[in-house]
Amino acid sequence: MLYSFPVYPSSVDRLAAISAQLGMGGLTVMVDNVEQVKLLTLLASKSGNPPLVFLKINMGSNRAGVPPHTPACAALVQELLLSETVGSCIFWGLYSHAGHSYASRKDWEAMGILGAEFAALHDVALAVRKDRPEHPLVLSAGATPTVTTLHHPDFANANRSSNGNHAHAAADDVTMTTVPEEEEEGAAKTGLIKALIARMRADGLTLEVHAGVYPTLDIQQLAAHACDATYLNPSAVAITVLAEVASVYPGRGPGSTTEALVNAGCLALGREPCEDMGEVKGKHYSAWGILMPWGGLANVVPGPRFPAVHGGWQVGRISQEHGVLAWRGAGEGEVGGETPLTPGQRVRIWPNHSCITGAGHPWYLVVDSRNQGREDEVVDVWPRWNGW
């Protein structure tokens, strides 16, 4: 189990109990400050097992981590090697999370960020190897936009394996197609990453990619354009919030459009915006969710030019329990009026960020769209591990 937050004093007892239950090699923690290293000794003594440790590297999102190529990073490497020598931890590897990749807005743009992640982790790994030439290390990089770029057609024959703790991925990859004008730029980026991966493998380093929202995706990932629309489109989004229309308000919206009330506010959907990256603010998508075409409801879905181009029924405003649906037009090149909504009608909402949305619910009701004629039949229920 990876506790993906830099370790802090009040976490030690709980982590020790988990480590004691899982046994040797069962718990991995993170550090990004030399003061945290002393907690590793405490954790090891309380659990009976030295924890595996990732050194968290800050790649520009400035959320957590120590910047590479800095005295602070070098000092932390030395402290971890010393801690490992005395048996307080196992220096497992280097970890980065490029959260700023969520601001990408062009197909495959996040691939360059993935390359920068791997390059920085490789540099730090070489610094570790100066002191311990044969030291094994896992280099773990990624966020959902950067990991998703590994679907690029220049990667082929995906080769993935698992060691029981972490999923390891090789960018040797998947057969796909891309639009011609993107091929040259994409080939240059993939070529750099392939060369970098080859060097890291030659150095005996283990490579890993990780991503939190990758299994379900969401509206934010459609906005980030990690892949082109052939592979990243609304049909790939695997999470919705089931809500009910409570009331309808004809003429109340801008330009005398209709608004409607649903029983899903920020407690159900979260309050995670898709950042407006447009040159003229207020033009790009900035709502809190989009209605999925379902149950007889037709709606505009995000297309290749989303979030710059958008329309249809969107969650325009939210408060704690209330979601207000707003009509944003028939979509690019389309004509026609509003798709009608009626009180009592059930709707499914694609959320902006499924991580935050999921945290507001005790379980997932699982349906299988492959079951023709029974697409809405609940085939399983997955309880969530919730709580702060």
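Remember, it's a predicted structure, so these values are computed and weren't measured experimentally.

Rules behind the numbers
- Residues numbered from 1 in each chain as written.
- Predicted model: local features only at pLDDT ≥ 70, side-chain atom pairs only at ≥ 80, totals over all residues.
- Heavy atoms only, no water.
- Helix = DSSP H or I, 4+ residues; strand = E, 2+ residues; numbered from the N terminus.
- Rg over C-alpha atoms; globule rule 2.2 N^0.38 Å.
- Buried < 20%, exposed > 50% of the residue type's maximum accessible area, 1.4 Å probe, protein only.
- Salt bridge = Lys/Arg side-chain N within 4 Å of Asp/Glu carboxyl O.
- Polar contact = N/O pair within 3.5 Å; in protein donor to acceptor, adjacent residues only side chain to side chain.
- Contact = heavy atoms within 4.5 Å.
- Phe/Tyr/Trp six-rings, centres within 6.5 Å; stacked < 30°, edge-to-face > 60°.
- Lys NZ or Arg CZ within 6 Å of the ring centre and 35° of its normal.
- Patch = residues over 30% accessible without salt bridge, like charges linked within 9 Å, V, L, I, M, F, W, Y side chains within 5 Å.
- Areas by Shrake-Rupley, 256 points an atom, 1.4 Å probe, with all protein chains shown as cover.
- pLDDT = per-residue confidence, 0-100.
- Axes fitted to C-alpha atoms, helices over the stretch in contact; angles between N-to-C directions.
- Parallel < 35°, antiparallel > 145°, perpendicular 65-115°, else oblique.
- Left-handed = near helix turned anticlockwise from the far one by under 90°.
- Nonpolar A, V, L, I, M, F, W, Y, C, P; charged D, E, K, R; others polar.
- Core = buried A, V, L, I, M, F, W, Y, C linked by side-chain atoms within 4.5 Å.
- Pairing = 2+ DSSP bridges.
- Right-handed = clockwise from strand over helix to strand, strands pointing away.

Asks: Give a description of the overall build of the protein that names residues and reports values.
Replies: Scanning the protein from N- to C-terminus turns up nine helices and 16 strands. Relative to the globule expectation of 21 Å for 388 residues, the C-alpha radius of gyration of the protein, 23 Å, shows essentially globular dimensions. Along the first, second and third principal axes, the C-alpha set of the protein runs to 70 × 50 × 40 Å. Expressed as a percentage of the 388 residues in the protein, the buried residues total 49%.

Asks: Which residues make up the pattern of salt bridges, and what are the values?
Replies: If you walk through the whole model with that rule in mind, you get seven salt bridges. One salt bridge connects R348 with D376, and the closest N-O pair in it is separated by 3.7 Å. A residue pair is termed long-range when its members are at least 10 positions apart, and R348 in strand β14 (residues 346-351) and D376 in the loop between β15 (363-367) and β16 (378-383) qualify at 28 residues. Note on R348: relative accessible area 15%, which makes it buried.

Asks: Hey, could you go over the side chain of H135 for me, with residue numbers and the actual values?
Replies: On the secondary structure map, H135 appears in the loop between α4 (111-131) and β5 (138-141). Its relative accessible area of 8% is what places H135 among the buried residues. Side chain to side chain, H135 and E84 meet in a polar contact 2.6 Å long. Excluding residues that lie within four positions of it along the chain, H135 makes contacts with L81, E84, F91, V128 and R129.

Asks: Describe the side chain of N49, listing the residues and the values that go with them.
Replies: Note on placement: N49 falls in the loop between α2 (37-47) and β3 (52-57). You can call N49 buried: its relative accessible area is 10%. A polar side-chain atom of N49 sits 3.1 Å from the main-chain carbonyl oxygen of S19. When sequence neighbours within four positions are dropped, the list of residues in contact with N49 reads S19, A20, G23, M24, L43 and A44.

Asks: Could you give an account of the packing of aromatic side chains, with specific residues and numbers?
Replies: By convention here, two paired aromatic rings are described through the distance between centres and the angle between planes. Taken as a whole, this structure holds five aromatic pairs when the rule is applied. Seen in terms of ring centroids, F5 and Y8 are 5.8 Å apart; in terms of plane orientation they differ by 85°. Their pairing is edge-to-face. Sitting over the face of the ring of Y249, R252 holds its NZ or CZ atom 3.9 Å from the ring centroid. When the ring centre of W288 is taken as reference, the NZ or CZ atom of R271 above it lies at 6.0 Å.

Asks: Explain the environment of P9 to me, using residue names and the numbers behind them.
Replies: Its location among the elements puts P9 in the loop between β1 (2-6) and α1 (12-22). Counting along the chain gives 34 residues from P9 to L43, while the straight-line C-alpha distance between them is 9.7 Å.

Asks: Describe the environment of L43, with residues and values.
Replies: Within the secondary structure layout, L43 lies in helix α2. Spatially, the C-alpha atoms of L43 and T144 are 31 Å apart, while their sequence positions differ by 101 residues. Once residues within four sequence positions are removed from consideration, L43 is found in contact with V12, L15, A16, L27, V29, N49 and P51.

Asks: Go over a nonpolar patch on the surface, please, and point to the residues and values.
Replies: On the surface, W363, L365, V367, V378 and V381 cluster together into a nonpolar patch covering about 450 Å² of accessible area. For the nonpolar patch, the leading source of residues is β15, giving three residues. Locating L365 in the fold gives a position in strand β15. On the basis of relative accessible area, L365 is assigned to the exposed category, the value being 54%.

Asks: Got a sec to walk through the confidence of the model for the protein? Specific residues and values, please.
Replies: With 91% of its residues at a pLDDT of 70 or more, the protein shows a mean pLDDT of 89. Long-range and interchain partners of residues 157-179, a stretch whose pLDDT sits below 50, account for 63 contacts in this model, where long-range means more than four residues apart.

Asks: Explain the packing of helix α3 (residues 71-85) against α4 residue by residue, including any values.
Replies: It is at 11 Å that the axes of α3 and α4 come closest, and there the two elements cross at 50°. Compared by their axis directions, α3 and α4 come out oblique. For the crossing formed where α3 meets α4, the hand is right-handed. Residue-level inspection shows C73, V77, Q78 and L81 of α3 in contact with α4, the latter providing V124, V128 and D131. For the contact of α3 with α4, the class distribution of residues is five nonpolar, one polar and one charged.

Asks: Report on the nonpolar core, specifying residues and quantitative values.
Replies: Buried together is how nonpolar side chains tend to be arranged in soluble globular proteins. One finds L55, L80 and L139 to be the most contacted residues of the largest nonpolar core, which totals 63 residues. The leading source of residues in this core is α4, at eight residues. Core analysis: the second largest hydrophobic core is formed by 19 residues, W288, L297, L325 and I349 among them.

Asks: Can you tell me about the environment of G311, naming the residues and giving the values?
Replies: Residue position: G311 is located in the loop between β11 (289-291) and β12 (313-318). Separated by 243 residues in sequence, G311 and P68 place their C-alpha atoms 42 Å apart.

Asks: How would you summarise the pairing of β3 if you had to cite specific residues and measurements?
Replies: Burial runs high along β3: six of the six residues are buried. Neither face of β3 is exposed, since L52, F54 and K56 on one face and V53, L55 and I57 on the opposite face are all buried. Pairing analysis gives four bridges linking strand β2 (residues 28-31) to β3, with the strands arranged parallel. Bridging across to β3, V31 finds its partner in L55. With α2 bridging β2 and the parallel β3, this β-α-β connection has right-handed handedness. Taking the sense of rotation as the criterion, the β-α-β connection linking β3, α3 and strand β4 (residues 90-96) turns out right-handed.

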